[in-house]
Amino acid sequence: MSEEQQVEQLIAAARGAMANAHAPYSRFAVGAAVRLTDGSIVTGCNFENASYGLSLCAETVALASVNAQGRFADVTEIAVVGGAMDAIGEALVTPCGRCRQIMNEAEQMAGRTLSIYCATPSGDRVLNLHVADLLPHAFGPKDLGLVPDKKS
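What comes next concerns the included structure. Not measured: the values here are computed from a predicted model.

Some words on the packing of aromatic side chains
Aromatic rings considered in pairs are described by the distance between their centres and by the relative angle of their planes. The final tally for this structure, using the stated rule, is one aromatic pair. Considering the side-chain rings of Tyr-25 and Tyr-52, the 5.7 Å spacing of their centres and the 75° angle between planes classify their relative orientation as edge-to-face. Of this pair, Tyr-25 sits in the loop between α1 (3-18) and β1 (28-36) while Tyr-52 sits in the loop between β2 (41-45) and α2 (58-68), placing them 27 residues apart in sequence.

Right, here's the structure in full:
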């Protein structure tokens, strides 16, 4: 599979996860997909809560699922797709600040630069970013003197 096909596959997985979003309050659905070193993909979607503050972002759900599998150091790239459920147009969604910080943690623990693909729901527009673009001068494990413990 070509690199372009792999990116399309990752975005399609994020789009599929977006369809499962629990977003009855904001009506803003987001899906995320994380590719691991073995090519497998783990997805997540936003999960809102009536108290709002307890809501979970798609990227956080996907990365927490990866971590629950003991594969946090295996992250290679992430796709994010989202938008208003009732909107006519399409917006290009980028991760919130919290998710950017969690992606920074994943990148530092993986010991590799992660590509972050932000796409419209149709996939017509894709922005390829890196954690450093999203969160310059980030604080993370390296600042605390932690060296990634690669499990795989």
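Considering the pairing of strand β5 (residues 126-130)
In this sheet, β5 lies alongside strand β4 (residues 115-119) in antiparallel orientation, the contact comprising five bridges. Its bridge partner being in β5, Ser-115 is matched across the sheet by His-130. Two successive antiparallel strands, β4 and β5, enclose a turn made up of six residues, where Gly-123 displays a positive phi of approximately 85°.

Side note on the side chain of Thr-120
Looking at the secondary structure, you find Thr-120 in the loop between β4 and β5. According to the relative accessible area criterion, Thr-120 is buried, its value standing at 2%. A polar contact is formed between the side chain of Thr-120 and the backbone nitrogen of Asp-124, at a distance of 3.3 Å. Residue contacts for Thr-120: discarding those within four places in its chain leaves Val-81, Glu-90, Ala-91, Leu-92 and Arg-125.

Focus: the layout of surface pockets
Counted as a void, the largest pocket has a volume near 200 Å³. Around the largest pocket sit 16 residues that line it, and Phe-28, Val-30, Asn-46, Cys-57 and Glu-59 are the ones nearest its centre. Only β1 and α2 provide two or more residues apiece to the lining of the largest pocket. Broken down by class, the residue content of the lining of the largest pocket amounts to 10 nonpolar, four polar and two charged.

Conventions and cut-offs
Residues numbered from 1 in each chain as written. Predicted model: local features only at pLDDT ≥ 70, side-chain atom pairs only at ≥ 80, totals over all residues. Heavy atoms only, no water. Phe/Tyr/Trp six-rings, centres within 6.5 Å; stacked < 30°, edge-to-face > 60°. Helix = DSSP H or I, 4+ residues; strand = E, 2+ residues; numbered from the N terminus. Pairing = 2+ DSSP bridges. Buried < 20%, exposed > 50% of the residue type's maximum accessible area, 1.4 Å probe, protein only. Polar contact = N/O pair within 3.5 Å; in protein donor to acceptor, adjacent residues only side chain to side chain. Contact = heavy atoms within 4.5 Å. 1 Å grid on protein atoms, 1.4 Å probe; cavity = no way out; pocket = protein on both sides within 12 Å on 5 of 7 lines; lining within 4 Å. Points joined across faces, edges and corners; volume = space filled by probe spheres on them. Nonpolar A, V, L, I, M, F, W, Y, C, P; charged D, E, K, R; others polar.

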